[in-house]
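Spelled out from the first residue to the last, the chains are:
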Number of protein chains: 2
Amino acid sequence: MKEEKHIIGYEFSAVGTETFQSYNPGTDQHNGYLFFKATEQEVNSAAEKAAAAFPRYSKLPSSIKALFLETIAAQIMLAGEELIAVCSNETGLPKARIENERGRTVNQLKMFADLLKEGSWVDARIETALPERTPIPKPDLRYMQVALGPVVVFGASNFPLAFSVAGGDTASALAAGCPVIVKAHSAHPATSAIVGRAIMEAARKMNMPDGVFSLLFGDGTTTGIQLVKHPEVKAVGFTGSYKGGKALYDAAVTRPEPIPVYAEMGSTNPVFILPEIMETKGAEIAAAYAGSVTLGVGQFCTNPGLLFYQSSEGDQFKPQLKTAFSKTTGGVMLSPGIAKSYQEGLEKNRKAAGVEELATSNNPSEGKNNGTPVLLATAAGTFRSNPSLSHEVFGPASMVVAVTSKEELLQIASDLSGHLTATVHGTERELAEYGELIHILERKVGRIVVNGFPTGVEVCSAMVHGGPFPSTTDSKTTSVGTAAIYRFTRPVCYQNMPDALLPDELKHDNPLAIQRLVNGERKLI
Amino acid sequence: MKEEKHIIGYEFSAVGTETFQSYNPGTDQHNGYLFFKATEQEVNSAAEKAAAAFPRYSKLPSSIKALFLETIAAQIMLAGEELIAVCSNETGLPKARIENERGRTVNQLKMFADLLKEGSWVDARIETALPERTPIPKPDLRYMQVALGPVVVFGASNFPLAFSVAGGDTASALAAGCPVIVKAHSAHPATSAIVGRAIMEAARKMNMPDGVFSLLFGDGTTTGIQLVKHPEVKAVGFTGSYKGGKALYDAAVTRPEPIPVYAEMGSTNPVFILPEIMETKGAEIAAAYAGSVTLGVGQFCTNPGLLFYQSSEGDQFKPQLKTAFSKTTGGVMLSPGIAKSYQEGLEKNRKAAGVEELATSNNPSEGKNNGTPVLLATAAGTFRSNPSLSHEVFGPASMVVAVTSKEELLQIASDLSGHLTATVHGTERELAEYGELIHILERKVGRIVVNGFPTGVEVCSAMVHGGPFPSTTDSKTTSVGTAAIYRFTRPVCYQNMPDALLPDELKHDNPLAIQRLVNGERKLI
């Protein structure tokens, strides 16, 4: 049994007595790695080190922080095949998927490094003095975004690399200038340990302050809450269940000093199929939908768990869905807990009055922690009268809801709670006709997809991976893309500060050559 | 007795039975206006009308919203001398001050109108499709800020125009595209009614949807909490006491759907005087400080309530402070409650062990609700051992604290909680020597003022009027300046949306000619 320790700044630690093991959901066996749960002393030590690192780390030039992110990316690649193998064992995800996800992880780090090197993200605003103005002179005022403070990041089960130890939350927080403490997800602790050591090594190589990064293992309910409640922690990033995210939010807002929690808590990502396109492209849409629902055994936050279609006499969409879904394939799920929740959630919906099982995969998966794709169907009336049918079932299941009229479709859209995404399929003509549907959905989600599917979240400047509650605890942010950096910053204004003491971003000569808003005009000077 | 009614969209309402009267703190008499407290039915009606108005109002072109803001400004000016007289009566503030504040109020509305007309504030981000990319094509993604939903604004006692019914919060929320419900401050209800009618009239002239604006009278603890708890309300703006702001925050975060509360809850705005400048410009600084503390009878959020100076043998700063402060003048305070709280807070500090009364105004104010300037003094050791000395006393009082060394000064700065501002006076040489002080303060406040005083908050693009808790409930925002608009927006991403259905801000041809980030490059196309 290999013992793995917490990373607290530049030290390894394992003073606790409670332990747990890494697990392989495919073989249903332990993996040979033993982990200690963090003690309160270890939590405090990580938080205090992060607080001590914050002043120096946040003030490093952007170019140095960018190099740090790039060095993390390089160290992750240096972890090589071991990382891929361990991660695949712990998650049941195929090696090819892990390799792709490693690519995304490394690219996210590089994207934030590029954002820092370009530099304009700080939103520099300058108003120059008008000393002669009457009745009172106008002072020189200079504004920019600065780092918030130590950030706690909770690794996600479903992205063991891209939303875990060195994932999007960590990358954006480090880019913002915030030290990061990661609470590893217990479903892939050995993967987390490898990535944690890669970040530790990158920090050493770049001579970062001790405490810029720590990695702790433990339960969300104890270690997680202790971290969120620690007075030195100033923000929290989380991707996971509603229950988990809401518990962290509740802990954070009842602190003596409340702090922001950016919890992405999932969504059923409703899909709307309009009549004309259904008639002309029904089979194609059904196939793409079945693919989106079952991709990665349905374990994506953007998995489409609900599909509404406007049925009409003699339409062929239901048999088309049945055909498409029968051809899908299941597989091993991320953990025994997730596989069990999937079965339970599915059973609850399957047994609900007025719900039929429209299709299951023709290739049922036999393994112990496997998830088999299932497509349920119901009528709009049943759906509207049973709110539990709209709850997310995390896994390769979805529910199709036959709607009888445009009015009913609009009503269902209006009744939706907040989601990460909504999708509409329609011909150009009918999309215009259903403009109101798009306007309603705009108020319900962070991203509207037209004639596509929500899985596949592009990492770029224009992405919004977020949405109104309960899909997240803060609809004003995104956890994917460059705008994610603003979760971990706040503005500061310097009034009449001598040029030499200003941050480079705000100096008179604009030494970093960034775009700035100067007396209301956007310019590079 | 003139009866004033609530404004609920385009209707007047007064169905309640509880009433209160407008009050003149100068004469200590009622003013002749009677107000009804809002019933729960009236709260619901205002919230439901706001929700009904939201889809249409938020989708109006920016140019129309800009005209609406300008029309509000014009209607406020049309209210003429009556507004000035009523406001002066209700608040005890001199007419000249009210006229200035009306100017600021109107200019804030125009500033947001200009921001809308220019249009780039929506932070448009476009990533164009790469349909040939492998292994998966890149979709077309377009991102912009959209309105959050109905906003509740709480009028502030100390800015009866600029932070009340048509003040900064209302202007920024309406600019963002959010309907506004104002809970009028009970210290200036008749002023609020006049401004409310001006907005109602502007809404009528511009044919705005019914419910874009409502104005309710009532208690913060009942009407206020009912508004914050209403499911249709999506954000809250507040300026006032810690107790009031924190109660609204606690109500908002425990809703079934939590919402953001932007509460500006005051601050003691610490001032640091470094030794060299104290020696050369002590008398001048003392005079300016005394002026800043007593401006508007000390009733500004940015009033400097604490001054730390590095004392040395034989320094003349204490007598200089005494001389300057003796020349100040008090006056009538905003309300009997505020005058009483001022006396109580002052007495508590005055009686604290180790605190001396260094100076009081030579022109004591005799009126019943008057506040007389008082300057207290203590030593750093006393200050550090008695946390209650750091609490805000709202009014024309301040406390000077003699510090014995640079180390002690830095320690005091490190121990500060969050404040709106911090101020440092120093020669250019010693500001550089005290660079660490500036870095510490940067982590504690929203605005750092050098060789000036924090009162006088410039309304512009580069202002930050905000700061870490407990000065506000959200350090990531400002309530003054153009950036205040982002409190009431969230991002939405459109994936593969046909050009005709996109908002104008994101259309291919950029019909509004706004600046956009296109494939990572900032451009006007």
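Throughout what follows, the structure given in this document is the object of discussion. (Residues numbered from 1 in each chain as written. Chains lettered and ligands numbered in written order. Predicted model: local features only at pLDDT ≥ 70, side-chain atom pairs only at ≥ 80, totals over all residues. Heavy atoms only, no water.)

### Quick notes on the state of the cysteines
Counted by the stated rule, this structure contains 0 disulfides over all chains. Free of any disulfide, C87 of chain A has its nearest neighbouring cysteine sulfur in C301 of chain A, separated by 16 Å. With no disulfide of its own, C460 of chain A has C493 of chain B as its nearest cysteine by sulfur position, at a separation of 7.0 Å. (Disulfide = S-S within 2.5 Å.)

### Focus on the packing of aromatic side chains
Evaluated as defined, the whole model comprises 26 aromatic pairs over all chains. Aromatic pair F154 of chain A and F238 of chain A: ring centres 6.0 Å apart, planes at 65 degrees, arrangement edge-to-face. You can see F154 of chain A sitting in strand β8 (residues 151-154) and its partner F238 of chain A sitting in strand β11 (residues 235-239), a full 84 residues away along the chain. You'll find F154 of chain A and F238 of chain A in the same group, each marked buried. An angle of 75 degrees between the planes, with centres 5.3 Å apart, marks the rings of F308 of chain B and F383 of chain B as edge-to-face. Note that F308 of chain B is positioned in strand β14 (residues 306-310) and F383 of chain B in helix α12 (residues 380-385), a separation of 75 residues in sequence. Both residues of the pair, F308 of chain B and F383 of chain B, belong to the buried class. Members of the aromatic cluster, each reached through a chain of ring pairs, are F20, F35 and F217 of chain A. Lying across the ring of Y143 of chain A, R125 of chain A places its NZ or CZ 4.8 Å from the centre. The ring of F159 of chain B has R97 of chain B sitting right over it, with the charged end atom 5.2 Å from the ring centre. (Phe/Tyr/Trp six-rings, centres within 6.5 Å; stacked < 30°, edge-to-face > 60°. Helix = DSSP H or I, 4+ residues; strand = E, 2+ residues; numbered from the N terminus. Buried < 20%, exposed > 50% of the residue type's maximum accessible area, 1.4 Å probe, protein only. Lys NZ or Arg CZ within 6 Å of the ring centre and 35° of its normal.)

### With respect to the relation of the copies chain B and chain A
Structural alignment of chain B on chain A gives an RMSD of 0.0 Å, achieved by rotating through 180 degrees and translating 0.0 Å along the axis. A rotation of that kind, with that shift, is consistent with a two-fold axis. Relative to the rotation axis, the C-alpha of V253 of chain B is the closest in chain B, positioned 3.5 Å from it. Interface residue correspondence from chain B to chain A reaches 100%, placing this contact among same-surface, isologous pairings. (Least-squares fit on C-alpha atoms with pLDDT ≥ 70 in both. Contact = heavy atoms within 4.5 Å.)

### Focus on the nonpolar core
F68, I72 and L437 of chain A together with F68, I72, F272 and L437 of chain B are the most contacted members of the largest nonpolar core, which totals 230 residues. Ignoring any residue separated from it by four or fewer positions in sequence, one finds I72 of chain A in contact with L109, A166, L174, I199 and A202 of chain A. Counting 50 residues, the second largest nonpolar core, distinct from the first, contains A46, Y249 and A263 of chain A together with A50 of chain B. (Core = buried A, V, L, I, M, F, W, Y, C linked by side-chain atoms within 4.5 Å.)

### Description of the sheet that holds strand β9 (residues 180-183) of chain A
Residue and element names in this part refer to chain A. The strand order β3-β2-β10-β9-β8-β11-β12 describes an open sheet built from 7 strands, whose pairing is mixed. Of all strands in the sheet, those bounded by a partner on one side alone are β3 (11-13) and β12 (261-264). The sheet shows a mean angle of 20 degrees between the axes of neighbouring strands, direction not considered. The sheet contact formed by strand β2 (residues 6-8) and strand β10 (residues 213-216) spans 2 bridges and is antiparallel. (Pairing = 2+ DSSP bridges. Axes fitted to C-alpha atoms, helices over the stretch in contact; angles between N-to-C directions.)

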